[in-house]
Amino acid sequence: DELIITDNYILILDRYQTQSIFIFNRFGTYIRKIHNIGQGPGEFTQPTDLIADEETDQIILLHGFPSKLIKYNFKGEYKGEIALPMRFTALSFIQDTCIALFNEPNNRKYGNPREVSNQIYSRILVITPSGEYIHTGGSLNSTYEENIESNVEFGIMDNCGIVSFQPKFCDTIF
């Protein structure tokens, strides 16, 4: 689930119960819901994360599988999709309009043994708004791999142009 507050809107992503994006004004008045369940263009079945930018009038939903970004405007109108090469668990705007995506498997079903970095599934991808790859990062520090057993999800943040990660319930920012 996700909560985003912009200058004029409050957006809530309910990943599990309603699989919807709720849009409110800053006073809490309900405006609309994006609830496009399905497998066609603009539709989703596995909402994973959400980012929004009022300046460019875009809401971007990270879809689990098939992995893609689905773009909407603040009126809830579908504006396009970007296919992704693999599943990602979090995304963030960086460098104004670029998008950083982070992937960390939250369990060991992909076959990587303890304390061994998963070269395939631990990635950072930075793309332009049109989907052009800028950076495809390699595996992360093994500290992340060791924490996977606890099923902790990781947060990705843009802090003054520096991308950082902070596991939930952790006082360390990487």
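In every chain, residue numbers begin from 1 and rise along the written sequence. Confidence filtering applies because this is a predicted model: local features only for residues at pLDDT of at least 70, side-chain atom pairs given and counted only at 80 or more, and all residues used for totals across whole chains, interfaces and linings. As a rule here, side-chain values come from all non-hydrogen atoms in the structure, and water together with hydrogens is ignored.

A. Spatial organisation of the overall build of the protein. In DSSP terms, a helix is any run of H or I states spanning at least four residues, a strand is any run of E spanning at least two, and both are numbered starting from the N terminus. Helix and strand counts for the protein stand at 1 helix and 14 strands. Using a 1.4 Å probe on the protein chains alone, a residue whose accessible area is under 20% of its type maximum counts as buried, one over 50% counts as exposed, and one in between counts as partly exposed. In the protein, which comprises 174 residues, the proportion classed as buried is 43%. Only the protein chains shown count as cover for residues, and the accessible areas themselves come from Shrake-Rupley with a 1.4 Å probe. Put simply, the protein shows about 9,500 Å² of open surface, and 49% of that area lies on carbon and sulfur atoms.

B. Quick look at the sheet that holds strand 8 (residues 78-83). What makes two strands pair is DSSP finding at least two bridges between them. What the 4 strands build is an open sheet, ordered 5-6-7-8; its pairing is antiparallel. Among the strands making up the open sheet, the edge pair consists of strand 5 (47-53) and strand 8. If you compare each strand with its neighbour and ignore which way they point, the axes differ by 20° on average. Bridging between strand 6 (residues 58-63) and strand 7 (residues 68-72) involves 5 bridges; their strand directions are antiparallel. Fitting a line to C-alpha atoms yields each axis, with helices limited to the stretch in contact; the angle taken between N-to-C directions then spans 0 to 180 degrees.

C. A look at the environment of T97. Relative to the helices and strands, T97 resides in the loop between strand 9 (90-94) and strand 10 (98-103). Residue T97 is classed as partly exposed on the basis of its relative accessible area of 32%.

D. Focus on unusual backbone geometry. In this chain, F65 is followed by P66 through a cis amide linkage whose omega measures -5°. Looking at the element boundaries, P66 is found in the loop between strand 6 and strand 7. Phi at Q19 is positive, roughly 50°, even though this residue is not glycine. Take Q19: it is sitting in the loop between strand 2 (9-14) and strand 3 (20-25).

E. The pairing of strand 3, seen in detail. Counting buried positions along strand 3 gives 5 out of 6 residues, so the element sits mostly inside the fold. Examined bridge by bridge, strand 2 and strand 3 share 6 bridges and lie antiparallel to one another. When the sheet's bridge partners are listed, I10 is paired in strand 3 with F24. The antiparallel pairing of strand 2 with strand 3 creates a hairpin that spans 5 residues between the two strands, and Q19 there sits at a positive phi of about 50°. Summarising the sheet, strand 3 and strand 4 (residues 30-34) pair through 4 bridges and their orientation is antiparallel. The partner of F24 across the bridge, within strand 4, is Y30. Counting the residues between successive antiparallel strands, the hairpin from strand 3 to strand 4 contains 4 residues, one of them, G28, with a positive phi of roughly 90°.

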